[in-house]
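Now for the letters of each chain:
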Amino acid sequence: PAINLGGRCEAESCGGVVQGLNGTIESPGFPHGYPNYANCTWLIITGERNRIQLTFVTLALEEDFDIVSVYDGQPLPGNLKMRLSGFMLPSPIVSSGSILALWFTTDFAVSAQGFKAVYEGKTTCWCLYSDGSMMMFGWTTEGGVTANESCEVLCHVCPV
């Protein structure tokens, strides 16, 4: 039989494919602390060629030893956008395409509260002026976009 010295034999199951235009991702056990030896990968896929905005609302990880990595696209080394550890919340992260990945790894000791992040799919919005010119001015999630009176809002999905 396995000998359990008070620690967990296995990290809780975590990660997976996350779909839908918006949602929340939390470290396992949040907010009561995450397991040691965690190794979780989340793949956020919004579809329809939307971009994804990821906002961390809580970040409390053992500095330098427990890390959440954010990838712009599939979790491949060349797509690494940010490595987060410690307690400093980053600015919102916007993907260049319709896939964003998170990879969370922890070491053998010391745990903290963990992290919580919310994501939402965003569509590009343009302003069309009466003179025919266009200007990009932001993103929308549910059509909630305001613009000045002299422009007609055209929200559309950008080709990736």
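The coordinates are above.
Being a predicted model, the structure only gives us computed values, none of them experimental.

Caption draft 1: Structural detail: the overall build of the protein chain. Along its length, the protein chain carries 0 helices and 11 strands. Going residue by residue from the N terminus, the α and β elements of the protein chain occur as β-β-β-β-β-β-β-β-β-β-β. Residues classed as buried in the protein chain amount to 39% of the 160 residues present. Long-range pairs, those at least 24 residues apart, make up 71% of the contacts in the protein chain between residues at least 6 apart in sequence. Looking at the protein chain as shown, the accessible area adds up to about 9100 Å², and 54% of this sits on carbon and sulfur atoms.

Caption draft 2: Just the sheet that holds strand β1 (residues 16-19), in detail. As summarised here, the arrangement of the 5 strands in space is β1-β3-β8-β5-β6, forming an open sheet in which the pairing is mixed. Edge strands, defined here as strands with exactly one partner in the open sheet, are β1 and β6 (80-84). Averaged over all adjacent pairs, the angle separating strand axes in this sheet is 20°, with direction ignored.

Caption draft 3: Structural view of the state of the cysteines. As enumerated under the stated definition, the model contains 2 disulfides in all. A sulfur-sulfur separation of 2.0 Å characterises the disulfide bridge that pairs C14 with C40. Here C14 and C40 share a disulfide; its torsion about the S-S bond, -85°, makes the bridge left-handed. Taken together, the positions of C14 in the segment before β1 and C40 in strand β3 (residues 39-45) put the pair 26 residues apart, joining distant regions of the chain. Taking the relative accessible area as the measure of exposure, C14 reaches 27% and is therefore partly exposed. For C40, a relative accessible area of 0% gives the class buried. Here C127 engages in a disulfide with C151; their sulfurs sit 2.0 Å apart. Judged by the sign of its S-S torsion, about -65°, the bond between C127 and C151 is left-handed.

Caption draft 4: Region of interest: the nonpolar core. By size, the foremost hydrophobic cluster in this structure holds 24 residues, and its most contacted members are I44, L54, F56, V68, L102, F104 and F115. Per element, the largest residue contribution to this core is 5 residues, and it comes from strand β4 (residues 51-60). Residues in contact with F56, not counting those within four places in the same chain, are V68, V70, L84, L89, P90, I93, L102, F115, K116 and A117.

Caption draft 5: Fine view of the environment of G29. The topology assignment puts G29 in the loop between β2 (22-26) and β3. Take G29: its relative accessible area is 29%, and that puts it in the partly exposed class. In this structure, the C-alpha to C-alpha distance between G29 and Q113, residues 84 residues apart in sequence, is 8.3 Å.

Quick notes on the rules
Residues numbered from 1 in each chain as written. Predicted model: local features only at pLDDT ≥ 70, side-chain atom pairs only at ≥ 80, totals over all residues. Heavy atoms only, no water. Helix = DSSP H or I, 4+ residues; strand = E, 2+ residues; numbered from the N terminus. Buried < 20%, exposed > 50% of the residue type's maximum accessible area, 1.4 Å probe, protein only. Contact = heavy atoms within 4.5 Å. Areas by Shrake-Rupley, 256 points an atom, 1.4 Å probe, with all protein chains shown as cover. Pairing = 2+ DSSP bridges. Axes fitted to C-alpha atoms, helices over the stretch in contact; angles between N-to-C directions. Disulfide = S-S within 2.5 Å. Core = buried A, V, L, I, M, F, W, Y, C linked by side-chain atoms within 4.5 Å.

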